[in-house]
Amino acid sequence: QVQLAESGGGSVQSGGSLGLSCAASGYTRSNAYMGWFRQAPGKEREGVATVKIEGGSPYYADSVKGRFTISLDKAKNTLYLQMNSLKPEDTAMYYCAASHTYLTRSILWDQRFYKYWGQGTQVTVSS
């Protein structure tokens with residue numbers, strides 16, 4: 001049983017930075033993925049960034065590429081999302097998630113394959 005808990009959300013002005021953390025406990029396959037998803041009011045939840053637990057190049061949504069950085073500290077069992085140059089459209093509830101198996105490119109953003117989810121942390125970016 002994998003448990004995930006996000007923290008670090010808050011309110012910032014446009015152009016500011018914010019760092020999110022996701023503490024993980026329990027066993028997860030090393031070739032599985034951990035990522036960040038977000039959902040704004042009235043919109044579908046979308047993928048933000050994801051990376052293989054054992055390491056490798058991360059994948060980002062086009063909307064955050066160049067501004068957000070995902071990283072994983074395996075020793076601390078913690079996933080991070082550093083968000084820079086924040087925009088009002090980044091306002092959303094951010095969720096940490098982990099897949100239960102290896103993901104091919106075609107299903108990398110398919111949320112049905114992310115079995116474990118945190119409860120979310122709110123990020124609000126003002127103008």
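Since this is a predicted model, take the numbers as computed values, not measurements. (Residues numbered from 1 in each chain as written. Predicted model: local features only at pLDDT ≥ 70, side-chain atom pairs only at ≥ 80, totals over all residues. Heavy atoms only, no water.)

S.K.: Could you clarify how one ought to interpret the nonpolar core in this entry?
M.R.: One recurring pattern in soluble globular proteins: nonpolar side chains tend to sit buried together. In terms of nonpolar packing, the biggest core is built from 30 residues, with Trp 36, Leu 81, Met 83 and Tyr 94 touching the most fellow members. Listed by contribution, the elements that provide at least two residues to this core are strand E3 (18-25), strand E4 (33-39), strand E5 (46-52), strand E7 (68-73), strand E8 (78-83), strand E9 (92-99) and strand E11 (121-126). When sequence neighbours within four positions are dropped, the list of residues in contact with Leu 81 reads Leu 18, Gly 19, Leu 20, Trp 36, Val 48, Ala 49, Phe 68, Thr 69, Ile 70 and Tyr 94. Judged by nonpolar contacts, the second largest core, of 6 residues, contains Phe 37, Ala 97, Leu 103 and Leu 108. (Core = buried A, V, L, I, M, F, W, Y, C linked by side-chain atoms within 4.5 Å. Buried < 20%, exposed > 50% of the residue type's maximum accessible area, 1.4 Å probe, protein only. Helix = DSSP H or I, 4+ residues; strand = E, 2+ residues; numbered from the N terminus. Contact = heavy atoms within 4.5 Å.)

S.K.: Quick question: what am I supposed to make of the side chain of Arg 67 here?
M.R.: With respect to the helices, strands and loops of the structure, Arg 67 is situated in the loop between strand E6 (59-60) and E7. From its side chain, Arg 67 meets the backbone oxygen of Ser 63 in a polar contact 2.9 Å long. Sequence-distant contacts of Arg 67, that is, excluding residues within four places in its chain, are made with Gln 82, Met 83, Asn 84, Ser 85, Leu 86, Lys 87 and Asp 90. (Polar contact = N/O pair within 3.5 Å; in protein donor to acceptor, adjacent residues only side chain to side chain.)

S.K.: Sorry, what's going on with the environment of Thr 50 here?
M.R.: Examined against the element boundaries, Thr 50 turns out to sit in strand E5. Exposure remark for Thr 50: the relative accessible area of 0% places this residue in the buried category. Sequence separation between Thr 50 and Trp 109 is 59 residues; the distance between their C-alpha atoms is 8.3 Å. Reaching out from Thr 50, the side chain makes a polar contact with the backbone oxygen of Met 34 at a distance of 3.3 Å. Within the structure, Thr 50 has its side chain in polar contact with the side chain of Tyr 114 (distance 2.9 Å).

S.K.: Explain the state of the cysteines to me, please; I cannot follow it from the model alone.
M.R.: As used in these notes, a disulfide is a covalent bond between sulfur atoms, one from each of two cysteines. Counting across every chain of the model gives 1 disulfide. For Cys 22, the disulfide goes to Cys 96, at an S-S distance of 2.1 Å. Residues Cys 22 and Cys 96 share a disulfide whose torsion about the S-S bond is about -75 degrees; that sign makes it left-handed. Taken as a pair, Cys 22 in strand E3 and Cys 96 in strand E9 lie far apart in primary sequence, 74 residues in all. (Disulfide = S-S within 2.5 Å.)

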